[in-house]
Amino acid sequence: MINASPRPPRPQSDVVPGPPTITDPMLYLHLATTAQRDSTLAARVNHQSGTLMFMTRRPFDLNTGLPGLLGFDHVGIAVPDLDAAINFYRDLLGLQVVHREENLDQQVAEAMLTTGENGALGNQLQLLMPLAEDSVLNRFLMRRGSGLHHVAYAVSDVRSASSTLRKCGVRVLYDAPRAGTRGSQINFVHPKDTGGVLLELVEHAAADPQNG
Ligand code: KFV
Ligand code: CO
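Residues numbered from 1 in each chain as written. Chains lettered and ligands numbered in written order. Predicted model: local features only at pLDDT ≥ 70, side-chain atom pairs only at ≥ 80, totals over all residues.

### Brief notes about the sheet that holds strand S5 (residues 108-114)
Defined as follows: Two strands form a pair only when DSSP identifies at least two bridges running between them. Helix numbers and strand numbers start at the N terminus; a helix is a DSSP run of H or I with at least 4 residues, a strand a run of E with at least 2. We call two residues in contact when their backbone-placed C-beta atoms lie within 7 Å. Convention adopted: a line fitted to C-alpha atoms gives each axis, helices being fitted over their contacting stretch, and angles between N-to-C directions are expressed from 0 to 180 degrees.
The strand order across the open sheet built from eight strands is S4-S5-S6-S3-S7-S10-S9-S8, with neighbouring strands paired in mixed fashion. Strands with a single pairing partner mark the edges of an open sheet, and in this sheet they are strand S4 (96-103) and strand S8 (178-179). Sitting on the sheet, helix H2 (residues 82-93) is in contact with S4, S5 and strand S6 (124-130), with an inclination near 155 degrees to S6.

### What about H2?
Residues lying three or four places apart along an α-helix face the same way, a consequence of the helix completing one turn every 3.6 residues. To keep it simple, the criterion reads: In this analysis, the expected span of each helix is defined as 1.5 Å times one less than the number of residues it contains. Backbone-placed C-beta atoms define the burial measure: a residue is buried with 20 or more other C-beta atoms within 10 Å of its own, exposed with 12 or fewer, and partly exposed in between.
Taking 1.5 Å as the rise per residue, H2 with 12 residues should run 16 Å; its terminal C-alpha atoms sit 16 Å apart, in good agreement. With respect to burial, H2 is a largely exposed element, only one of its 12 residues being buried. Phi turns positive one or two residues past the end of H2, at Gly 94, with a value near 75 degrees.

### Focus on the nonpolar core
This is how the line gets drawn: For this analysis, nonpolar core means a set of buried Ala, Val, Leu, Ile, Met, Phe, Trp, Tyr and Cys residues linked through C-beta atoms within 7 Å.
Val 155, Leu 165, Val 189, Leu 201 and Val 202 are the most contacted members of the largest nonpolar core, which has 16 residues in total. Going through the elements one at a time, strand S7 (147-155), helix H4 (158-167), strand S9 (185-189) and strand S10 (198-203) are the ones with two or more residues in this core. Here the element with the most residues in this core is S10; it accounts for four residues. Setting aside anything within four residues of it in sequence, one finds Leu 165 in contact with Val 170, Val 172 and Val 189.

### With respect to the site of ligand 1
Going by this rule: Each residue receives a C-beta atom placed from its backbone. It is near a molecule or strand if this atom lies within 6 Å of it. Residues were grouped as follows: Ala, Val, Leu, Ile, Met, Phe, Trp, Tyr, Cys and Pro as nonpolar; Asp, Glu, Lys and Arg as charged; and all remaining residues, including Gly, as polar.
Around ligand 1 sit 28 residues in total, of which Val 136, Gly 180, Thr 181, Pro 191 and Leu 198 are the nearest. The element contributing the most residues to the shell around ligand 1 is helix H3 (residues 136-144), with six residues. Of the residues that constitute the shell around ligand 1, the class distribution is 12 nonpolar, 11 polar and five charged.

### Some points on the confidence of the model for the protein chain
Formally: A residue's pLDDT is the predictor's confidence in that residue, given on a scale from 0 to 100.
Residues at a pLDDT of 70 or more form 65% of the protein chain, whose mean pLDDT is 79. For the stretch residues 1-50, pLDDT sits under 50, and the model shows 62 contacts to residues farther than four places along the chain or on other chains. Residue range residues 55-60 is modelled with pLDDT below 50. Its contacts to residues more than four positions away, or to other chains, number 15 contacts.

### Quick notes on the environment of Ala 207
Within the fold, Ala 207 resides in the segment after S10. Using a count of 8 C-beta atoms within 10 Å as the deciding quantity, one classes Ala 207 as exposed. When the C-alpha positions of Ala 207 and Ser 184 are compared, they lie 9.8 Å apart, and in sequence the two are 23 residues distant.

### Quick notes on the environment of His 190
Residue position: His 190 is located in the loop between S9 and S10. Along the backbone, His 190 and Glu 200 are 10 residues apart, and their C-alpha atoms lie at a distance of 9.1 Å. If we ignore the near neighbours within four places in the chain, the residues touching His 190 are Arg 171 and Leu 173.

Here is the structure:
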């Protein structure tokens, strides 16, 4: 059995290493119960996966949530064949394609679909097909198969949201935002720091008619 220290370590700086996975059941139990008792702890235990997640350096800094968070934006689904996936959702649910583009930076071809009249923020499905074998999306498909790839949240200022989340100890992937759909700016939080779902931050272009 691992000789556990009485409390989980407090991250001391903004740079926080990736979350360790707890394999020892006794250590896991100890951390879980300690975290429940002491609400000021900087670490949280994910009960499903046994992964110790450094959710935040000071958990209650955010208190009322992430400043500038506007709402859900889209759900991204990885598919091997974009046209086949579009047809599937069109035939099954009557979803409509409201936008298509190729993002060469992300090495994806994508389509945005909605349920119809409400094509605005938060109501979109993003189908993503890899454009290159060595792309992150193709790696995902090879490793995990088609399926849920990410959940995207709209924010008013992606730089500020990224900076806030980084200070809270999760791994924000890019130092500066990159080009997203319809001229948006995007960044991501690593899925291993969010309980297993890649998290995208989207700041829409001011000129985007779908912006709110
Ligand atoms: N969701 C959950 N787990 C994931 C994952 C995902 N999307 N991608 C990878 N993993 C897991 C994977 O299963 C593995 O776990 C571990 O992460 C490392 O996988 O337990 P396991 O099996 O060891 P790798 O090595 O295959 O992945 P890695 O090279 O580390 O890349 C992961 C990551 C998140 C750094 C990479 O996917 C990335 O840079 N993502 C950000 C860019 C992106 O995903 N672009 C496509 C969407 S573009 C988009 O949405 C746009 C343009 N837009 O505007 O909305
Ligand atoms: Co996306």
